[in-house]
Amino acid sequence: MILILGGTGEARELAARVPAVSSLAGRVSSPRLPVGEVRIGGFGGVAGLASWLRDNDIHAVVDATHPFAARITANAFEACGLVGVPFLILRRPGFAAVEGWQWRDSVADAARDLPGTRVFLTTGRQDLSEFAACPQWFLARMVEPPEPPMPHRIEVLLSRGPFTVDGELELMRSHAIDLLVTKDSGGSMTSAKLDAAAQLGIPVVIVRRPPLPPAKTVATVDAAVSWLDTAGE
């Protein structure tokens, strides 16, 4: 059996093409479920995942988690090494960089050096606390309601992509946005905001992806399927 980690679009596409059990973190109350068997929740760290791989006769693991889910990727890499299970990282390419983007190494770095006065923030609810002390006004978009701490001047927009350029243009104009803060998550579902910011001349602060462990990495589902064909499915 194959284990697919993550609830990304790539993870769901892969689950539709190969027999697998998909594992979701459980951070979203109503996730988009892939076809096939699904488990929700953590494994209990490296040791717990290694034990689960042994107990469930897993022959290969594909990490198709979000590009910023660094902990589970690191844990999966280590656990697979402990039990001798082939491990692959499936990561969509990052956004095509645009001249003038202001890159930061982490969300905390972005919050410490934040220009603008009316900020469109799309880094997710788990990072909202990093901006709690910032004086700017924020429009923060996320899938689930956030918990404190959070900025004092904030409007929360609960929404799930994909988004359109026209919709993002209207949103930014109607809220007089003068800065976009986001992550280099890549993909087409959330790229419209970057196109809209470019059209409006709005500066962009973008957080770099965390480094990956030294594992085999592919950028497409087709490549992941090819790898599984040779990984002893």
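Residues numbered from 1 in each chain as written. Predicted model: local features only at pLDDT ≥ 70, side-chain atom pairs only at ≥ 80, totals over all residues. Heavy atoms only, no water.

Core analysis: the largest hydrophobic core is formed by 19 residues, its most contacted members being Ile4, Leu14, Val18, Val62, Leu90, Trp227 and Leu228. For this core, the secondary structure elements donating two or more residues are strand S1 (2–5), helix H1 (9–15), strand S4 (60–63), strand S5 (87–90) and helix H7 (221–229). With five residues, H7 is the largest single contributor of residues to this core. Counting residues in hydrophobic clusters, the runner-up holds 18 residues, among them Leu49, Leu53, Cys80 and Phe87. (Core = buried A, V, L, I, M, F, W, Y, C linked by side-chain atoms within 4.5 Å. Buried < 20%, exposed > 50% of the residue type's maximum accessible area, 1.4 Å probe, protein only. Helix = DSSP H or I, 4+ residues; strand = E, 2+ residues; numbered from the N terminus.)

Moving on to the sheet that holds strand S11 (residues 204–207). Reading across the sheet, the six strands line up as S6-S11-S10-S7-S8-S9 and stay open at both edges, with parallel pairing between neighbours. On the outer flanks of this sheet lie strand S6 (102–104) and strand S9 (154–158), each paired with one strand and no other. On average, each strand axis in the sheet is inclined to that of its neighbour by 20°, with strand direction left out of account. Bridge count between S6 and S11: three bridges; the pairing is parallel. Each residue of the ladder has a partner; that of Gln102, found in S11, is Val205. Each of strand S7 (118–121), strand S8 (137–142), strand S10 (179–183) and S11 touches helix H6 (residues 192–200); the most contacted strand, S10, lies at about 155° to it. (Pairing = 2+ DSSP bridges. Axes fitted to C-alpha atoms, helices over the stretch in contact; angles between N-to-C directions. Contact = heavy atoms within 4.5 Å.)

Using the criterion set out here, one finds nine salt bridges in the structure. The closest approach of N and O atoms between Glu10 and Arg92, which form a salt bridge, is 2.9 Å. Taken together, the residues span a long stretch of sequence, with Glu10 in helix H1 and Arg92 in the loop between S5 and S6 at a distance of 82 residues. By relative accessible area, Glu10 is classed as buried at 18%. Here Asp127 and Lys183 are joined by a salt bridge, their closest N and O atoms 2.6 Å apart. Within this pair, whereas Asp127 is found in the loop between S7 and S8, its partner Lys183 is found in strand S10, the two being separated by 56 residues in sequence. Summarising the burial analysis for this pair, Asp127 and Lys183 share the class buried. Connected through shared salt-bridge partners, Glu13, Arg17 and Asp222 make up one network. (Salt bridge = Lys/Arg side-chain N within 4 Å of Asp/Glu carboxyl O.)

Within the span of helix H2 (residues 45–55), buried status applies to Val46, Leu49, Ala50, Trp52 and Leu53. For H2, the buried positions fall inside an angular range of 160° around the axis, keeping them on one side. Away from its buried face by more than 90 degrees, H2 exposes Ala47, Arg54 and Asp55. As for H2, its buried residues are in contact with S1, strand S2 (20–24), strand S3 (37–40), S4 and helix H3 (70–83). Downstream of H2 by a residue or two, Asp57 has a phi angle that is positive, lying close to 50°. (Arc of directions from axis to C-beta.)

The subject of this paragraph is the environment of Gly36. Following the sequence through the fold, Gly36 ends up in the loop between S2 and S3. A relative accessible area of 60% means that Gly36 is categorised as exposed. Considering only alpha carbons, one finds Gly36 and Gly26, 10 residues apart in sequence, at a separation of 17 Å.

Once that is clear, we can look at the side chain of His175. Structurally, His175 is set in the loop between helix H5 (165–174) and S10. At a separation of 3.0 Å, a polar atom in the side chain of His175 contacts the main-chain carbonyl oxygen of Leu171. Residues contacting His175, with those up to four places away along its chain left out, are Arg118, Trp137, Leu139 and Glu155. (Polar contact = N/O pair within 3.5 Å; in protein donor to acceptor, adjacent residues only side chain to side chain.)

In this sheet, S8 lies alongside S7 in parallel orientation, the contact comprising four bridges. Its bridge partner lying in S8, Val119 is registered against Phe138. Inspection of the sheet shows S7 paired to S10 by three bridges, in the parallel sense. Within the sheet, the bridge partner assigned to Leu121 lies in S10 and is Val181.

Let's shift gears to the environment of Ser22. Position of Ser22 relative to the elements: it lies in strand S2. Ser22 sits 10 residues away from Arg12 along the chain, and the two C-alpha atoms are 8.4 Å apart. For Ser22, the contacting residues outside a window of four places in its chain are Ile4, Ala15, Pro34, Glu37, Val38 and Arg39.

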